Amino acid sequence: MTTDLETRAAAARPGALRRAAPALLGYAAVRALGLVVLALWSEARGTSAYTLLTARWDSLWYTRVAELGYGYEVRLPNGDVHSNLAFFPLLPWLERLAAAVSPLSYADGGFVVSLLASLAAAWGIFAVADHLYGPRTGVCAVLLWAVLPVGIVQSMAYSESLFTALAAWALYAVLTGRWVTAGLLAGLAGLTRPVGLAVVAAVWAAGAAAFLRERAGSSFVGDGSAVPAGGARGDGHAGPPPDAPRTGAPYGAPQQPHSPGVRLRRAAGILLAPLGAAGYVLWVGARTGDGPLGYLEVQAGWRNGFDGGYAFARFVAGRFTSFPSALAGVALIAGVALVVWLYVLCVRRRQPLPLLVYAGTVTALALCASSYFGSKPRLLMPAFPLLLPLALVLARARTRLLAAGLGAAAAASAAYGAFWLNGSGPP
């Protein structure tokens, strides 16, 4: 017997773009506002908005990889070695492809890829949220992602938009039982950024959960959310908890989730997922002669590593040495507390296991790495499942109030993005 979730998913497929259109149009409007404000702000300061978007900071490293390949490095006076091997290859490959088939430069190609990938990411975020909570929540989730304070990065020749697009669609594929697609997208995400590990972990966690439930002989309900026997909730009311994901087959799986064909596709997806990240890391190790840990040595040259958050904690503590900087310290603590609180809400509202694993891994890698501290907000940007609890709240608001609030947030995000890129900017 076909589940309600399967019927809904099948009916939505032919009109998927039409269903996502409000979210995509809203997202495009927010990003257009950000670019217009950046252009005006940059013109007033005598700088080039396009240069800020395509030829500064990491975007320069990506275009050098696209143009010259790997092997370029900068040796700093303090002995640090910045090697372009730290940058994963998918974005430079796409920049090179764009330059090969069009009159675009590598930088132009990076900008176009980023714009298209940001729309794909918005659509993927909508697809996940709509699948679990309905289209209104999907629109709210996309707009929340668009108005993040560092949302301007979504329009830069950086890899965040490309990675988020691959991650969102990989998670959607897992939720809807498309294991091979999930594995392929996870593999591509692993060729985009080191945090591709989070997508691999999500696919593996979902696969392991499916295997354990098969072994236990029980059936899934609700994309990883469980409903007690008899439909009773712990609070004494009937039905699933409020704001729990819609119930249905396991991750939207077919009618016979235990069939050999499903198991084979699941195994294929699990095996495909790590190939991108593992392939690049092993290639770097072979090229540098440092073996499987060679990529970690490359990152160490950039003073990047994983220390459990020790360096970040010291950085925050150092803000309290004087009064003006103490305000920044308070803001940092509040920001970290907000991120942790959102993740706790995700757990309490029974988000599907793949989303919890993905968001938790992205958050842990961002907050507990010893990388440059100014990068952490943009490193957290791909953790879009953290926005779903807020999206659920906003989805219940009146449309006029919702539009006013998100409009104000979009204006603030655009102003901050223009100020940020014309100042210190993203590293």
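For every chain, the first residue of its written sequence is number 1, and the numbers climb from 1 along that sequence. Per-residue local features are limited, in this predicted model, to residues with pLDDT of at least 70; the limit for side-chain atom pairs, both in listing and counting, is 80 or more; totals at the level of whole chains, interfaces and linings are taken over all residues. In computing side-chain values, all of the structure's heavy atoms are included and hydrogens and water are not.

Caption draft 1: Up close: the overall build of the protein. Where helices and strands are cited, they refer to DSSP runs of H or I of at least four residues and of E of at least two residues respectively, numbered from the N terminus. Helix and strand counts for the protein come out as 19 helices and 2 strands. Relative to its 427 residues, the protein shows a buried fraction of 49%. By definition, residues are in contact when any of their heavy atoms lie within 4.5 Å. Of the contacts formed within the protein by residues at least 6 apart in sequence, a portion of 76% connects residues at least 24 apart. Relative accessibility decides the category of a residue: with a 1.4 Å probe and only protein chains considered, values under 20% of the type maximum give buried, values over 50% give exposed, and everything between is partly exposed.

Caption draft 2: Just the environment of Ala202, in detail. You can see Ala202 is positioned in helix H10 (residues 196-216). Since its relative accessible area comes to 0%, Ala202 is described here as buried. Sequence-wise, Ala202 and Tyr358 are 156 residues apart; in three dimensions their C-alpha atoms are separated by 5.2 Å.

Caption draft 3: Structural context of the side chain of Thr54. Within the secondary structure layout, Thr54 lies in helix H3 (residues 49-54). Each residue touching Thr54, except ones within four places of it in the same chain, is listed here: Ser59, Ala107, Phe111 and Ala157.

Caption draft 4: Representation of the pattern of salt bridges within the structure. By convention in these notes, a salt bridge is any Lys or Arg side-chain nitrogen within 4 Å of a carboxyl oxygen on Asp or Glu. Throughout the structure, instances matching the rule amount to 8 salt bridges. A salt bridge links Glu160 to Arg193; its shortest N-O distance comes to 3.3 Å. Taken together, the residues span a long stretch of sequence, with Glu160 in helix H8 (residues 160-175) and Arg193 in the loop between helix H9 (179-190) and H10 at a distance of 33 residues. Overlapping salt bridges, with partners in common, bring together Asp58, Glu160, Arg193 and Arg378 in one network.

Caption draft 5: Up close: helix H18 (residues 388-395). For H18, the set of buried residues is Leu388, Pro389, Ala391, Leu392 and Ala395. End-on, the buried residues of H18 take up no more than an arc of 160°, which puts them together on one face. Close packing links the buried residues of H18 with helix H6 (106-133), helix H7 (135-146), helix H15 (323-348) and helix H16 (353-367). In this description, one arc is meant: the one made by directions from the helix axis to the C-beta atoms.

Caption draft 6: How the structure looks around unusual backbone geometry. Positive phi outside glycine occurs at Trp57, with the angle close to 55°. One non-glycine residue, Arg303, lies in the positive phi region at around 65°. Following the sequence through the fold, Arg303 ends up in the loop between helix H13 (294-301) and helix H14 (310-318). Residue classification places Arg303 among the exposed positions, given a relative accessible area of 53%.

Caption draft 7: Structural detail: the environment of Leu148. Mapped onto the secondary structure, Leu148 falls in the loop between H7 and H8. The spacing of Leu148 and Tyr416 is 268 residues in sequence and 9.9 Å in space, taken between C-alpha atoms. Sequence-distant contacts of Leu148, defined by excluding residues within four places in its chain, comprise Met381, Leu387 and Ser413.

Caption draft 8: Representation of helix H5 (residues 90-101) within the structure. A helix is expected to span 1.5 Å multiplied by its residue count minus one. With 12 residues, H5 should cover 16 Å at 1.5 Å per step; its first-to-last C-alpha distance of 17 Å lies within 8% of that length. Three or more residues of H5 are buried, namely Leu90, Leu91, Pro92, Glu95 and Ala98. The secondary structure elements touched by the buried residues of H5 are helix H4 (58-68), H6, H8 and H9.

Caption draft 9: Focus on the confidence of the model for the protein. On average, residues of the protein score 88 in pLDDT, and 87% of them reach the 70 mark or higher. For every residue, the pLDDT score states the predictor's confidence, bounded by 0 at the bottom and 100 at the top. Note that residues 1-12 has pLDDT below 50 and, in this model, 20 contacts with residues that lie over four places away or in other chains. Note that residues 247-255 has pLDDT below 50 and, in this model, 37 contacts with residues that lie over four places away or in other chains.

Caption draft 10: Quick peek at the nonpolar core. Think of a nonpolar core as a cluster: buried Ala, Val, Leu, Ile, Met, Phe, Trp, Tyr and Cys residues, connected wherever their side-chain atoms sit within 4.5 Å. Core analysis: the largest hydrophobic core is formed by 106 residues, its most contacted members being Leu38, Trp145, Val199, Tyr280, Tyr358, Phe384 and Leu421. Contact partners of Trp145, with chain neighbours within four places excluded, come to Tyr27, Ser118, Ala121, Ala122, Ile125, Gln154, Thr164, Met381, Phe384 and Leu387.

Caption draft 11: Spotlight on the packing of H6 against H8. One way to put it is that H6 packs onto H8 with a least axis distance of 7 Å and a crossing angle of 30°. The orientation of H6 relative to H8 falls into the category roughly parallel. Seen along the crossing, H6 lies across H8 with a hand that is left-handed. Along its contact with H6, which presents Ser114, Ala117, Ser118, Ala120, Ala121, Trp123, Gly124, Ile125, Ala127, Val128, His131 and Leu132, the element H8 presents Ser161, Leu162, Thr164, Ala165, Ala168, Trp169, Tyr172 and Leu175. Across the contact of H6 with H8, the residue classes break down as 14 nonpolar, 6 polar and no charged. To define axes, lines are fitted to C-alpha atoms, for helices over the stretch in contact only, and angles between the resulting N-to-C directions are given on a 0 to 180 degree scale. For classification, angles of less than 35 degrees are called roughly parallel, those exceeding 145 degrees roughly antiparallel, those between 65 and 115 degrees roughly perpendicular, and all remaining angles oblique. For any helix crossing, the convention is left-handed if the near helix is rotated counterclockwise from the far helix by under a right angle, and right-handed if that rotation is clockwise. Residues are grouped as follows: nonpolar covers Ala, Val, Leu, Ile, Met, Phe, Trp, Tyr, Cys and Pro; charged covers Asp, Glu, Lys and Arg; every other residue, Gly included, is treated as polar.

Caption draft 12: Examining the environment of Ala49 more closely. Inspection of the secondary structure assignment puts Ala49 in helix H3. Judged by relative accessible area, Ala49 falls into the buried class, the value being 15%. Spatially, the C-alpha atom of Ala49 lies 9.4 Å from that of Val36, the residues being 13 residues apart in sequence. Discounting chain neighbours no more than four positions away, the residues touching Ala49 are Leu38, Ala39 and Ser42.

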